[in-house]
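Summary of the model geometry
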Amino acid sequence: MARETRVERRQRTREELVASATRLFAEQGVAATSVEAIAESAGYSRGAYHSNFETREEILDAVVARVVGSLGPELVAVLRGQGGVLERLAAYVRGFLQYCARRPVETRALVAVISHRAAAADVYDELVAASLADVVALLEEGQRTGELRRFDLVMMASMLRRTLDAEGLRVARGAPVDAVGDELIATFVRATRSAP
């Protein structure tokens, strides 16, 4: 068996630190999780942490990137896929909630990071804005085709995103994914659909 190179060892250490941070953020929240706890939980020293992350924001970014990297492409594919706009919106809601049910630790960690940043500054709005472009595009398509009524696209996309974050956290804590999904879909369909 070949020995790990220095680069491979550093990458493995970084991945293990991010996995540790993800678990601890999900369990304790960001503010209650120390650098020492992250390092110790991963089996490393504080020095190993600092040689991989210069600031606390870097590990928060790494946790977000880990979760969004596993979820984002799936959701974008749904939004850009085939079918009517309301059909794709429903698939987006279901896909997100199913991820939350399958990956509760990652979901709770993501919401912990978002909540921490929202409390520390006005960063939540920036995070939401960055995740909204594809949802806004879908809603805009629906308005162009007449499937959706006229409304403020960014406001509706923001309401959907914030609602999904809150309900996703409930699902990650055991709420029934299908019931939550059905209610959210019914609510957003009523809120956006054009009058017959």
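All figures in this text were calculated on a predicted structure; none of them were measured in a lab.

**Side note on the overall build of the protein**
Counting its regular elements, the protein contains 9 helices and 0 strands. Reading the secondary structure of the protein in the N-to-C direction produces α-α-α-α-α-α-α-α-α. Principal-axis analysis of the C-alpha atoms gives the protein an extent of 65 × 40 × 30 Å. When burial is assessed residue by residue, the protein has 43% of its 196 residues classed as buried. Taken as a whole, the protein presents about 10500 Å² of accessible surface, with 54% of it coming from carbon and sulfur. If you average the places of the 26 positive and of the 27 negative side-chain charges in the protein, the two averages end up 2 Å apart.

**Quick word on the UniProt feature "DNA-binding region" (unreviewed entry) in the protein**
The UniProt feature table records "DNA-binding region" (unreviewed entry) at residues 34–53. Across residues 34–53 one finds 75% helix and 0% strand; the C-alpha atoms that close the span lie 13 Å apart.

**Description of a positive patch on the surface**
Taken together, the side chains of Arg 3, Arg 6, Arg 9 and Arg 10 present a region of like positive charge at the surface. Tracing the backbone through its elements, the reader meets Arg 6 in helix α1 (residues 6–28). Look at Arg 6 and you get exposed, because its relative accessible area is 70%.

**Here's the deal with the packing of aromatic side chains**
In the structure shown here, the tally under the stated rule is 1 aromatic pair. Summarising the aromatic geometry, the rings of Tyr 49 and Phe 53 are spaced 5.5 Å apart at their centres and angled 40° between planes, so their arrangement reads as tilted. Its relative accessible area of 0% is what places Phe 53 among the buried residues. Just above the ring of Phe 96 sits the side chain of Arg 161; from NZ or CZ to the centre is 4.5 Å.

**Some remarks on the confidence of the model for the protein**
When pLDDT drops low, the exact placement of atoms in the prediction is not to be read closely. Averaged over all residues, the pLDDT of the protein equals 90, while 93% of them reach at least 70. Within the protein, the element-level pLDDT minimum falls on helix α7 (residues 123–145), averaging 80, and the maximum on helix α9 (residues 177–192), averaging 97.

**Some remarks on empty space enclosed by the protein**
Summed over all chains, the structure comprises 1 cavity of 30 Å³ or more. Roughly 30 Å³ of volume is contained in the largest cavity. Taken together, Val 67, Leu 71, Phe 96, Tyr 99, Cys 100, Thr 107, Leu 110 and Val 111 form the lining of the largest cavity. Put simply, the parts of the chain that give the lining of the largest cavity at least two residues each are α4 (56–79), α5 (85–102) and α6 (104–120).

**What about helix α8 (residues 153–172)?**
Look at α8: 28 Å from first C-alpha to last across 20 residues, which is about the 28 Å you get at 1.5 Å a residue. Positive backbone phi, approximately 115°, marks Gly 174, located one or two places after α8.

**Some thoughts on the UniProt feature "domain: HTH tetR-type" (unreviewed entry) in the protein**
Sequence positions flagged by UniProt for "domain: HTH tetR-type" (unreviewed entry) are, in local numbering, residues 11–71. Between the end C-alpha atoms of residues 11–71 there is a gap of 21 Å, over a span that is 80% helix and 0% strand.

What counts as what
- Residues numbered from 1 in each chain as written.
- Predicted model: local features only at pLDDT ≥ 70, side-chain atom pairs only at ≥ 80, totals over all residues.
- Heavy atoms only, no water.
- Helix = DSSP H or I, 4+ residues; strand = E, 2+ residues; numbered from the N terminus.
- Buried < 20%, exposed > 50% of the residue type's maximum accessible area, 1.4 Å probe, protein only.
- Areas by Shrake-Rupley, 256 points an atom, 1.4 Å probe, with all protein chains shown as cover.
- Lys, Arg positive; Asp, Glu negative; His and termini not counted.
- Charge placed at Lys NZ, Arg CZ, Asp CG, Glu CD.
- UniProt positions renumbered as here; feature names shortened; annotations may be inferred.
- Patch = residues over 30% accessible without salt bridge, like charges linked within 9 Å, V, L, I, M, F, W, Y side chains within 5 Å.
- Salt bridge = Lys/Arg side-chain N within 4 Å of Asp/Glu carboxyl O.
- Phe/Tyr/Trp six-rings, centres within 6.5 Å; stacked < 30°, edge-to-face > 60°.
- Lys NZ or Arg CZ within 6 Å of the ring centre and 35° of its normal.
- pLDDT = per-residue confidence, 0-100.
- 1 Å grid on protein atoms, 1.4 Å probe; cavity = no way out; pocket = protein on both sides within 12 Å on 5 of 7 lines; lining within 4 Å.
- Points joined across faces, edges and corners; volume = space filled by probe spheres on them.
- Expected span 1.5 Å × (residues − 1).

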